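Understanding the architecture of this molecule
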Amino acid sequence: MAIGIRPLGARVVIKKMDALEKTEGGLILSGAAKEKPQEAEVLAVGPGTEDEKMELKVGDIVVFSKYGGSDLKYKGEEYTVISQKDILAVIEK
């Protein structure tokens with residue numbers, strides 16, 4: 001899936017997962033109570049660098065650092081461009 005954004009170096013483009021609407025107990029959360037998600041899907045990856053090879057691939061579901069990356073809006077969609085070093089883990093299915 002080409003999104004029209006090509007990250008450079010060891011950076012990736014991610015799309016954050018939606019915030020939880022309900023708690024595990026079934027309580028519906030208000031807009032202010034919803035936690036910002038720290039899970040995202042990788043949509044594009046850079047080629048890596050000589051010092052840092054690219055370990056991620058398109059389609060990976062990842063957990064990322066809360067304050068990492070730069071948010072951007074492109075063609076009406078919200079994305080985050082983040083350095084691979086700010087990706088904390090890949091969620092394996």
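Residues numbered from 1 in each chain as written. Predicted model: local features only at pLDDT ≥ 70, side-chain atom pairs only at ≥ 80, totals over all residues. Heavy atoms only, no water.

**A closer look at the side chain of Gln84**
Position of Gln84 among the secondary structure elements: in the loop between β5 (77-83) and β6 (87-91). By relative accessible area, which is 8% here, Gln84 ends up buried. Among the polar contacts made by the side chain of Gln84, one reaches the main-chain carbonyl oxygen of Lys53 at a distance of 3.0 Å. Setting aside its immediate chain neighbours within four residues, Gln84 contacts Ala10, Arg11, Glu52, Lys53, Met54, Glu55 and Leu56. (Helix = DSSP H or I, 4+ residues; strand = E, 2+ residues; numbered from the N terminus. Buried < 20%, exposed > 50% of the residue type's maximum accessible area, 1.4 Å probe, protein only. Polar contact = N/O pair within 3.5 Å; in protein donor to acceptor, adjacent residues only side chain to side chain. Contact = heavy atoms within 4.5 Å.)

**Examining the nonpolar core**
Note on soluble globular proteins: their nonpolar side chains tend to be buried together. Membership of the largest hydrophobic core is limited to ten residues, which are Val12, Ile14, Ala40, Val42, Met54, Leu56, Val62, Phe64, Ile82 and Ile87. At the level of secondary structure, the elements contributing two or more residues to this core comprise β1 (11-16), β2 (39-45) and β3 (61-64). Ignoring any residue separated from it by four or fewer positions in sequence, one finds Val42 in contact with Val12, Val13, Ile14, Lys57, Val58, Gly59, Asp60 and Val62. One finds Ile5, Leu43, Ala44 and Tyr79 within the second-largest nonpolar core, a separate group that totals six residues. (Core = buried A, V, L, I, M, F, W, Y, C linked by side-chain atoms within 4.5 Å.)

**Here we look at the pattern of salt bridges**
All told, the structure shown has four salt bridges when counted by the stated rule. Note that Lys16 and Asp71 form a salt bridge whose closest N and O atoms lie 3.3 Å from each other. In this pair, Lys16 sits in strand β1 while Asp71 sits in strand β4 (residues 70-74), placing the two residues 55 residues apart along the sequence. On the basis of relative accessibility, which here comes to 29%, the residue Lys16 falls in the partly exposed class. Residue classification places Asp71 among the exposed positions, given a relative accessible area of 52%. In this structure, Asp60 and Lys57 form a salt bridge, with 2.9 Å as the shortest nitrogen-oxygen distance. Overall, the relative accessible area of 9% leaves Asp60 in the buried class. (Salt bridge = Lys/Arg side-chain N within 4 Å of Asp/Glu carboxyl O.)

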